[in-house]
Amino acid sequence: MIRMMSRSPGILGMLLSAGLMSLGAPVAVRAAPATPDELFARADEALTAGRTEEAASLYGEALAADPRHWPSLCRLGEIDASARRYPEAERRLRAAVEINGDNGRCLSRLAQVLLVQDKTAEAEPYLARAAELMPADEGVLFNLARLYETTGRLDKALETYEKYLAAAPTSSRAGTAHLKVARMLNQARLPAEAIGHYEAFLRSQPDKNEVRAELAAALMASSKYPEALAEYDKVIAAGAADPAALANAGSICLLMQELPRAVELLEKSVAADKAPIPPRIGLATALAQSGEHARAVEVLRTVTADDPQNNRAWYLMGQSLMKLGKAREAREALERHRAIHERIMKERMTAEPQGHP
Amino acid sequence: MLRIIAALAAAAALVAAPASTGPAIFTDVTRDAGLAGVRFVSGSPDKDYILETTGTGAAAFDIDNDGWLDIYLPNGSRLDGYPRGQEPRPRLFRNKGKGLFEDVTAKAGLADPFWGFGVAVGDYDNDGFSDLYVTSWGPNKLFHNRGDGTFEEVGSGAGVGDPRWGASAAFADFDNDGQLDLYVANYVAFDPGKVPRRGDARHPCVYRGNLVMCGPTGLKGDVDILYHNNGDGTFTDVSAAAGIRTDIGLYGLGVAAADYDGDGDVDIFVANDATPNQLYRNRGDGTFDEVGALSGVAYGVDGAEMGSMGTSFGDYDGDGSLDLMITNFSHQFYQLLRYAGEGYFEEVTAAVGLSEKTYLPLGWATDFFDYDNDGWLDLFFANGHVYPGVDAMQIGATYLESNQLFHNEAGPGGARRFEDASDRAGASFVTKKSYRAGGPLDFDRDGDADLLLTVIDSEPVLLRNDAGSSGRSATFHLVGTASNRSAIGARLTVTAAGRTMMRYAQGGGSYLWSRDPWIQVGLGSAEKIDTLEVRWPSGRTQRFRDLAAGRTYDLVEGQEIIK
């Protein structure tokens, strides 16, 4: 910090520079050559005013006066980066950081330049140090979180995004951060914690139905079924429900014994995508529970045609056939079920130990 | 999505019922009754192995025929053992009358420690005193009641000291020869040297992505055993000859023995964890056909295997036939299966209102019992998860859970429904613990059914029923003569005030639990029983008339005089 203050023009330097200019110098006295800090202050003024070339020239003069004037190196690096001259920017920023490794802004800019050039591993220590120096800087935190995320360190990414959200709860990227956190929590099998982040994202972007479907799935995983169904209903009302969302909503209705709606939704899911078997099993279950055994058998026959080893389908078919009074066919189906299931059980008991299914 | 589709759940389970302002149905009298100081041990609190998760059982039976139900509580241990003299011990509490108990474990000769689980009560040698069979991790024990307040362990000599890990067991006379046979449900073949410890990096076992103890999946199931009573104090393993499955062991936990099809012989239902449930239909000679899938009791309503734990038979709808209750793992409905006749059951869980509130808990003990003596069988469920870390999994389940009480009521059109009465049932139905075994018993002989429950790694809970006096009742102590003396398998048909009720003396039932099969019949406001018909296991039928309510009757097979 002491080194930084000695090199940086700071407010004092800028005031001094401005005062000299306003007071003017005696005509008889020849003006002393500007110090690097004075040149830097003038350069910053030019840069702020959008006179980039002038600023670059003045930063160059400061460096000519003091080749180790790291603030000027840093600014020139930033100008290079803005102009997408990344190798040059990297060279200058590295030089600045080499002289002073404790300036958060400079470290952050170097990291950004490295990231742009896909030098992620090289960027990480600079960004991490910048985050230490500027723990509430939303840009640094966001970039660091993204770096952790892209390199698969989800625990650290999660922690850093959460710091970012604490530092910048209303920033323009807060919604994005909430969504990232929600997805990471979901991936970490912490759906209940993900819910609040999904909801925060959806407050800013309520029309993102694919995210709303994710929220519904997280609610479902947390056993919050009515809330999950309410979210699926919004997705369905928006006409944005894919077959999986329809299947999930249908299965919740099945769980809640809203059988007509379960049948309707599961039928829609199956009509939209005939391939997956679980929605067909769900549909058959809903039909059988509604007393529509003939239709249940019809659905189950499509399952056994596609997957002759599906023991659940054979079992449910046997039960429905029995209800239809077709005893011989029922016994045949149950015998198919038994034979398949015997094999499954034996395999399961000789497999690696596991937790409860 | 597979998991989502397979899931069965309901909304109202998540909505807490409002607290009742009326008096509680049950009062915890564990300490006042003298049962304090018992602490069950089931291995480590972290539950590193499946052996440590299933809890310990309980039994209520009259050891000295004084008319008061005494209590036996097996205890567990831990895998690294205890210093000699410090082992957890089973306990026998003698009911001194009026529901006060004294510890008579040492005097009764039951103090030797072993890792016990389930209990079956029955007078296997027909000497007039109820005996005790206790399953174990290690040789099972048969404690013969000498009739003088002491017991003798005769398991090995009697041929029933099987060393496999037993769970629930049930006495019943499967071949109607007047001698109680024995069915033992075995869980998994557990060898701590071979089963990975929870968190073992080489063999991580996971549940929904979280490290948990290993099993039952991937562990070999142990086959169940049917012992035939030879009538000379010994038993013979007749499993294979009788048609009990011996080629592969399923994960047996609960057993109930009853004549579900009303053909005069006792059938067997086995509640299996993570494998299909089994229903052994008795051919009439003590041999069986397994008809679980055919009869509709083997799987869940969506055809999936359930993690079944406890089970019980009872006629909840008053149609004169035995229905079946099964408790299951969390995120599976418990199942009420109504007997529809001709060998078939239909699942009515949702129709009777039980689906919504039984989806998230993990259930163990359950039984049909008429807690308010209104003549309709109610239900209780003892709940508690197996994974201590389940709360952190954020799946809506918790390790500690409250029990549930459901009242049998008339629904639209007169169909029976179960209404959640847990909010007015008392502290045990609000206080969350990890409950396991237990069942109903009238320990204070006031004519209503109390409850005894075990809690893993904690104390038992004795709940006195303070609401049953709202209805009248009559209690029957059955004594078989041609039939087995315990009269397991007897069927009572009671008519009172224009209603007919059927009650059955089942073998086993609930979870790791057994009770002398005394039968209590709630009579509502009726002052007397108009007719009572007893069909004894031997096939003999006796009829009685005009029995006053509010009394306990000793019915001896073949005797017309009721004491």
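All values reported here derive from a predicted model rather than from experimental measurement.

J.: Break down the overall build of chain A for me, with residues and values.
T.: Broken down by element type, chain A carries 20 helices and zero strands. Relative to the compact-globule value of 21 Å for 357 residues, chain A shows a C-alpha radius of gyration of 33 Å, a clear excess of over 25%. Here the C-alpha coordinates of chain A stretch approximately 120 × 45 × 30 Å along the principal axes. Counting the 357 residues in chain A, one finds 47% classified as buried. Taking all contacts inside chain A whose residues are at least 6 apart in sequence as the whole, residues at least 24 apart take part in 41%.

J.: Lay out the overall build of chain B in plain terms, naming residues and giving numbers.
T.: Each helix and strand in chain B was counted, giving five helices and 39 strands. Taking 563 residues into account, the globule formula puts the C-alpha radius of gyration at 24 Å, and chain B, at 22 Å, falls close to it. For the C-alpha atoms alone, the extent of chain B along its principal axes is close to 70 × 55 × 50 Å. Every one of the 563 residues in chain B was classed for burial, and the buried ones make up 63%. Within chain B, contacts between residues at least 6 apart in sequence are counted, and of these 61% link residues at least 24 apart.

J.: I'd like a description of the environment of Ala108(B), backed by residues and values.
T.: Residues and elements named next belong to chain B. Tracing the backbone through its elements, the reader meets Ala-108 in helix α2 (residues 105-108). When the C-alpha positions of Ala-108 and Asn-145 are compared, they lie 9.1 Å apart, and in sequence the two are 37 residues distant. In this structure Ala-108 touches Leu-92, Gly-149, Thr-150 and Phe-151, once residues within four positions along its chain are discounted.

J.: Kindly report on the interface of chain A and chain B, identifying the contributing residues and their values.
T.: Contact with chain A, which involves 43 residues of that partner, is made by 47 residues of chain B. Those elements that provide at least two residues to the side of chain A that touches chain B are α12 (191-204), α13 (209-221), α14 (225-237), α15 (243-255), α17 (278-289), α19 (311-323) and α20 (327-350) of chain A. When residues in the side of chain A that touches chain B are grouped by element, the largest group, seven residues, is from α20(A). When grouped by side-chain class, the residues that make up the side of chain A that touches chain B number 22 nonpolar, 13 polar and eight charged.

J.: Provide a residue-level description of the sheet that holds strand β33 (residues 499-504) of chain B, including the pertinent values.
T.: Where strands meet in a sheet, backbone hydrogen bonds hold them as pairs that are either parallel or antiparallel. All names here are of chain B. With antiparallel pairing, four strands are arranged side by side in an open sheet as β33-β32-β37-β38. Two strands bound the open sheet, and with one partner strand each, they are β33 and β38 (541-548). In this sheet, neighbouring strand axes are inclined to one another by 20° on average, regardless of whether the strands run parallel or antiparallel. Here strand β32 (residues 491-496) pairs with strand β37 (residues 528-535) via five bridges, running antiparallel. Bridge assignment links Val-494 to a residue of β37, and that residue is Leu-532.

J.: Outline the packing of helix α10 (residues 154-167) of chain A against helix α11 (residues 174-187) of chain A, supporting the account with residue identities and numerical values.
T.: Residue and element names in this part refer to chain A. Contact pair α10 / α11: the axes reach a minimum separation of 10 Å and the direction vectors enclose 145°. The element α10 and its partner α11 pack so that their crossing is left-handed. Across from Leu-154, Ala-157, Leu-158, Tyr-161, Glu-162, Tyr-164 and Leu-165 in α10, the residues of α11 making contact are Ala-174, Ala-177, His-178, Lys-180, Val-181, Met-184 and Gln-187. When grouped by side-chain class, the residues that make up the contact of α10 with α11 number ten nonpolar, two polar and two charged.

J.: Can you break down the confidence of the model for chain B residue by residue, with the values?
T.: All names here are of chain B. In the predicted model, chain B carries a mean pLDDT of 94, and the fraction of residues at 70 or more is 96%. For the stretch residues 1-20, pLDDT sits under 50, and the model shows 55 contacts to residues farther than four places along the chain or on other chains. In the predicted assembly, ipTM is 0.88 and pTM is 0.88.

J.: Would you mind going over the pairing of strand β31 (residues 472-479) of chain B in detail, with residue names and values included?
T.: Residues and elements named next belong to chain B. Bridge count between β31 and strand β36 (residues 519-524): five bridges; the pairing is antiparallel. Residue pairing across strands places Arg-472 opposite Gly-524, the latter belonging to β36. The sheet contact formed by β31 and strand β39 (residues 552-556) spans five bridges and is parallel. Among the inter-strand pairings, His-477 is bridged to a residue of β39, identified as Asp-554.

J.: Any chance you could break down unusual backbone geometry for me, citing the residues and the numbers?
T.: All names here are of chain B. Of note, the amide linkage connecting Gly-215 to Pro-216 takes the cis form, showing an omega dihedral of 0°. The residue Pro-216 is located in the loop between β13 (210-211) and β14 (225-229) in this model. A positive phi angle, near 55°, is found at Lys-47, a position not held by glycine. In this fold, Lys-47 is placed in the loop between β1 (26-28) and β2 (58-61).

J.: Quick rundown of the environment of Ser42(B)? Include the residues and the values.
T.: Residues and elements named next belong to chain B. If you trace the backbone, Ser-42 turns up in the loop between β1 and β2. For Ser-42, a count of 26 C-beta atoms within 10 Å gives the class buried. When the C-alpha atoms of Ser-42 and Phe-380 are compared, they prove to be 24 Å apart, with 338 residues separating the residues in sequence. Discounting residues that sit within four places of it in the chain, Ser-42 has contacts with Glu-52, Gly-55, Thr-56, Gly-76, Ile-456 and Asp-457.

J.: Any chance you could break down the pairing of strand β22 (residues 335-341) of chain B for me, citing the residues and the numbers?
T.: Each regular strand carries side chains that alternate between the two faces of the sheet. All names here are of chain B. Of all seven residues that make up β22, five are buried, and the element is covered over most of its length. The pairing of strand β21 (residues 323-328) with β22 spans three bridges and is classified as antiparallel. Bridging across to β22, Leu-324 finds its partner in Leu-337. Joining the antiparallel neighbours β21 and β22 is a turn of six residues, in which His-331 adopts a positive phi near 65°. Here β22 pairs with strand β23 (residues 344-347) via four bridges, running antiparallel. In the strand pairing of β23, Gly-341 is matched with Tyr-344. With antiparallel pairing between neighbouring strands as the criterion, β22 and β23 make up a hairpin whose turn holds two residues, including Glu-342 at a positive phi of roughly 55°.

J.: Describe α14(A), with residues and values.
T.: Residues and elements named next belong to chain A. Taking 1.5 Å of rise per residue, 13 residues should cover 18 Å, and α14 covers 18 Å from first to last C-alpha, within 8% of that figure. If you check which residues of α14 are buried, you get Tyr-225, Ala-228, Leu-229, Glu-231, Tyr-232 and Val-235. Within α14, the buried residues cover an arc of 160° as seen down the axis, which keeps them to one side. Where α14 is buried, its residues contact α13 and α15. Following α14 by one or two positions, Gly-239 adopts a phi angle in the positive range, close to 70°.

J.: Give a description of α17(A) that names residues and reports values.
T.: Residue and element names in this part refer to chain A. Look at α17: 16 Å from first C-alpha to last across twelve residues, which is about the 16 Å you get at 1.5 Å a residue. With respect to burial, α17 is a largely interior element, eleven of its twelve residues being buried. Among all positions in α17, only Pro-278, Pro-279, Arg-280, Ile-281, Gly-282, Leu-283, Ala-284, Thr-285, Ala-286, Leu-287 and Ala-288 are buried. Immediately beyond the C-terminal end of α17, within one or two residues, lies Gly-291, with a positive phi of roughly 85°.

Rules and cut-offs
Residues numbered from 1 in each chain as written. Chains lettered and ligands numbered in written order. Predicted model: local features only at pLDDT ≥ 70, side-chain atom pairs only at ≥ 80, totals over all residues. Helix = DSSP H or I, 4+ residues; strand = E, 2+ residues; numbered from the N terminus. Rg over C-alpha atoms; globule rule 2.2 N^0.38 Å. Buried ≥ 20, exposed ≤ 12 C-beta atoms within 10 Å, placed from the backbone. Contact = placed C-beta atoms within 7 Å. Nonpolar A, V, L, I, M, F, W, Y, C, P; charged D, E, K, R; others polar. Pairing = 2+ DSSP bridges. Axes fitted to C-alpha atoms, helices over the stretch in contact; angles between N-to-C directions. Left-handed = near helix turned anticlockwise from the far one by under 90°. pLDDT = per-residue confidence, 0-100. Expected span 1.5 Å × (residues − 1). Arc of directions from axis to C-beta.

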